[in-house]
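One letter stands for each residue in the lines below.
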Amino acid sequence: MVNLCGENVVNDEDKTLSSQSSPAPGRKNDPIGLKQRIFDSALAEFAESGLMGARMENIASNANTTKRMVVYHYKTKEALYMLVLEHVYRGIRQHELDLDLSSFPPAEAIVKLVEASFDFHVSHPEFIRIVSTENMLRGRFIRQSTSIREINKTALTLLEDILARGKQSHLFKEDAQARDVHRLISSLCVHQVANQYTFGALFENPDEVDLQTAHYRQLAVMVALRYVMK
């Protein structure tokens, strides 16, 4: 392997990747597993420290490898961040698609979408932290990605189908637009995670977190339904 200075370097992890011979006792020749550990570590590091504060040394350490191996697999911190950004958006969009909302009546589909979105945000705070990082970067990387816009098309097409069925049944307002409904749902879900510490410290009882979370989940459903229903 060649290091960043152009020198030939051989270490234990390089041998593990380059050789298919019997690995040393206690070691496993698993480059795919190593790459996944690096990726998972990077996601946690970017969620915790943002792009600017994240360190490749931390990513390597938490993946139980070396910085050199992180560079070997992912080249640069920015390239790794881009993959993480695409990954978190892919995750939430796939979560929505897995609901199979076309099989539910339109009003019920809205309820299920809001509930599932709220639950996803609460159980995946790293999603909001990564998206917040990208907003602090003024969308620099999301505009460079050729796949994120394509990935996120389903957020609107899914809602367009629900709204069209609701309008056809004379349940939904004719002027209800998918982008507006998506923004409304997102705002309530994002606030629950992004502002949980400040809002909680100012206005909530710390002994009733679960009750308050359930209340805001139902509030999100109610607001979305009131927006779309005639």
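Here the structure is a predicted model, which means the values were calculated and not measured. (Residues numbered from 1 in each chain as written. Predicted model: local features only at pLDDT ≥ 70, side-chain atom pairs only at ≥ 80, totals over all residues. Heavy atoms only, no water.)

Digging into empty space enclosed by the protein
Thinking step 1. Following the criterion strictly, the structure yields one cavity of 30 Å³ or more and no others.
Thinking step 2. If you go around the largest cavity, you meet 13 residues; those closest to its centre are Arg93, Glu96, Ser117, His182 and Ile185.
Thinking step 3. Residue assignment for the lining of the largest cavity shows that the elements contributing at least two residues are α5 (77-97), α6 (106-123), α9 (153-168) and α10 (178-194).
Thinking step 4. Counting residues per element, the lining of the largest cavity draws most heavily on α10, at four residues.
Thinking step 5. Within the lining of the largest cavity, the residues separate by chemical class into seven nonpolar, four polar and two charged. (1 Å grid on protein atoms, 1.4 Å probe; cavity = no way out; pocket = protein on both sides within 12 Å on 5 of 7 lines; lining within 4 Å. Points joined across faces, edges and corners; volume = space filled by probe spheres on them. Helix = DSSP H or I, 4+ residues; strand = E, 2+ residues; numbered from the N terminus. Nonpolar A, V, L, I, M, F, W, Y, C, P; charged D, E, K, R; others polar.)

As for the pattern of salt bridges
Thinking step 1. According to the stated counting rule, one finds seven salt bridges in the structure shown.
Thinking step 2. Glu57 is the salt-bridge partner of Lys67, the closest N and O atoms lying 3.4 Å from each other. Remark: Glu57 occurs in helix α3 (residues 56-62) and Lys67 occurs in helix α4 (residues 67-74); sequence separation between them is ten residues.
Thinking step 3. Its salt-bridge partner being Lys153, residue Glu150 comes within 3.2 Å of it at the nearest N-O pair. (Salt bridge = Lys/Arg side-chain N within 4 Å of Asp/Glu carboxyl O.)

A few points about the packing of aromatic side chains
Two measures describe an aromatic ring pair: the distance that separates the ring centres and the angle between the ring planes.
Thinking step 1. Counted under the stated rule, the structure contains six aromatic pairs.
Thinking step 2. Arranged with centres 5.1 Å apart and planes meeting at 75°, the rings of Tyr81 and Phe141 form a pair that is edge-to-face. Of the two residues, Tyr81 sits in helix α5 while Phe141 sits in the loop between α7 (125-136) and α8 (148-151), which places them 60 residues apart along the sequence. Exposure class is identical for Tyr81 and Phe141. Each is buried.
Thinking step 3. Consider the rings of Phe199 and Tyr216, whose centres lie 6.3 Å apart with planes at 80°: the pair is edge-to-face. Within this pair, whereas Phe199 is found in helix α11 (residues 196-203), its partner Tyr216 is found in helix α12 (residues 209-228), the two being separated by 17 residues in sequence.
Thinking step 4. In textbook terms, an aromatic cluster arises when at least three aromatic residues are bridged by ring pairs, as seen for Phe46, Tyr81 and Phe141.
Thinking step 5. Across from the ring centre of Tyr74, 5.5 Å away, lies the NZ or CZ of Lys35, which sits over that ring.
Thinking step 6. It is Lys173 that lies over the ring of Tyr227; its NZ or CZ is 5.9 Å from the centre. (Phe/Tyr/Trp six-rings, centres within 6.5 Å; stacked < 30°, edge-to-face > 60°. Buried < 20%, exposed > 50% of the residue type's maximum accessible area, 1.4 Å probe, protein only. Lys NZ or Arg CZ within 6 Å of the ring centre and 35° of its normal.)

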